[in-house]
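What follows is each chain in one-letter form.
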Amino acid sequence: MEYLSIFYMIMEAVLTVFGLYWGIIIVAGFLHNIKKSDANFNDLKPVPLSVIIPVKNEERTLGRLLERLVKIDYPKDKMEIIVVEDGSTDSTPDIAKWYAKEYSYVKYYHLNKNDCGKTGALNYGVNMSSGKLLAFFDADAVPEMGYFKKALKGYLEGKDVQNGYYKFINTKENWLPTISSLEADVAKYIAQGSEKLGFPVPIFGYNLVVSKSVLDKVGLFKKSLTEDIDLWIRLVKAKVKPHYFNGEVLIESPSSVRDFVNQRVRWYRGFLDTLSSYKLNLNNIQELHVWLYLTMPLFAAISFIMYFIAPSVIMLSHHLYGLLTLGGVASNIIGMSIGAAIYLYYMYRDKNVSFKGPLSVIYTFVLLYSSFIALISKVLKTNIKWTVTRKSGYIDN
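Residues numbered from 1 in each chain as written. Predicted model: local features only at pLDDT ≥ 70, side-chain atom pairs only at ≥ 80, totals over all residues. Heavy atoms only, no water.

(A) Quick peek at the pattern of salt bridges. According to the stated counting rule, one finds 15 salt bridges in the structure shown. The shortest N-O distance in the salt bridge between Arg 64 and Glu 252 comes to 3.4 Å. Highlighted residues: Arg 64 in helix H2 (residues 62-69) and Glu 252 in the loop between strand S8 (243-251) and helix H9 (257-277), separated in sequence by 188 residues. Take Glu 252: its relative accessible area is 4%, and that puts it in the buried class. In this structure, Asp 73 engages Lys 149 in a salt bridge whose closest nitrogen and oxygen atoms are separated by 3.9 Å. Taken as a pair, Asp 73 in the loop between H2 and strand S2 (79-86) and Lys 149 in helix H5 (residues 147-156) lie far apart in primary sequence, 76 residues in all. Residue classification places Asp 73 among the partly exposed residues on the basis of a relative accessible area of 33%. Owing to a relative accessible area of 18%, Lys 149 belongs among the buried residues under this scheme. A cluster of three or more residues bridged by salt bridges with shared partners is formed by Lys 118, Asp 138 and Glu 227. (Salt bridge = Lys/Arg side-chain N within 4 Å of Asp/Glu carboxyl O. Helix = DSSP H or I, 4+ residues; strand = E, 2+ residues; numbered from the N terminus. Buried < 20%, exposed > 50% of the residue type's maximum accessible area, 1.4 Å probe, protein only.)

Now the structure itself:
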């Protein structure tokens, strides 16, 4: 038990340092306000833009996205919308065909045989595109009206890869999307903090704008559970720095625990698979930042083991209290302090947020559990298939 106690002490210290690192990033992002762009097309020269949307069985959400895109603030003679559909069994093709018939700049492609799933649809869209600037959205996304205007401004300033931020469109559907909205804010702070401190901003495929020349340089998307994260690593290794911009996209959060866990297990397993596929130079601060981001599921799984699984076993022994090390006390105090500060902020911002406290504990448990399952699947080399997360189409009033 003495060796186990020492191991716990070491792991507590590692988790504390890991938590402090991301705590600094989050605080920096919270304090750093990205200035909103007030530019208009009178002083910006629009470039040809291709919007690429891979879809499969998205009848509940695709029309919502396309309706926004045909009304969005960008010259339509400089814009094309490419919908690449891969084997849908619902009315998704009919929706895409209708918009392609009504609007000349909307193009619909059906892939009869696509062994690469979403990756194949993305790459097909890129190959069919004619724009200098490419924007990628999932079918459940709804970009703000000025999204492309802000992205164009960044592109003209030399930012070839940009990622905006997201909020959830269905926070009132039930408790899960409501609590997920807090995580979305944390993701935004990580992006803003990374930008402020000079680190590469994590990119996500449902909210990504990139110059086509960059993809010519680093290559197209590769088949992966998280093709966007794979691209992120290749960009950083090629010394192409992704940036944050103040473009908002509304997306739909899973509303059932089962769908949420399946989505997160896929994401976290994708993180771990991608991490093991590339050799990152940890002496390079940019690549170290990426490594620390991709190891989040690993450290979350370790936390699940240490705080939920191991205590259940250790409680059978009278040595339980000997494992409450100073490192554990320190990390718990730090974690509770950061959590309390965030909670008080939301209490101040939203008077109806008080009920989220207990539910956020459950939500954190689900995240840790999902990370643990992803790690176990990685260790056991269990095959996880890429599947579309079910969407209800719910929109907050």
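Here the narrative resumes, following the displayed structure.
(B) Quick look at the packing of aromatic side chains. Per the counting criterion, the structure on display carries 26 aromatic pairs. With 5.9 Å between their ring centres and 55° between their planes, Tyr 103 and Tyr 105 make a pair best called tilted. Owing to a relative accessible area of 13%, Tyr 105 belongs among the buried residues under this scheme. Members of the aromatic cluster, connected to one another through ring pairs, are Tyr 21, Trp 22, Phe 199, Trp 232, Tyr 268, Phe 271 and Tyr 293. Lying across the ring of Tyr 165, Lys 188 places its NZ or CZ 4.0 Å from the centre. (Phe/Tyr/Trp six-rings, centres within 6.5 Å; stacked < 30°, edge-to-face > 60°. Lys NZ or Arg CZ within 6 Å of the ring centre and 35° of its normal.)

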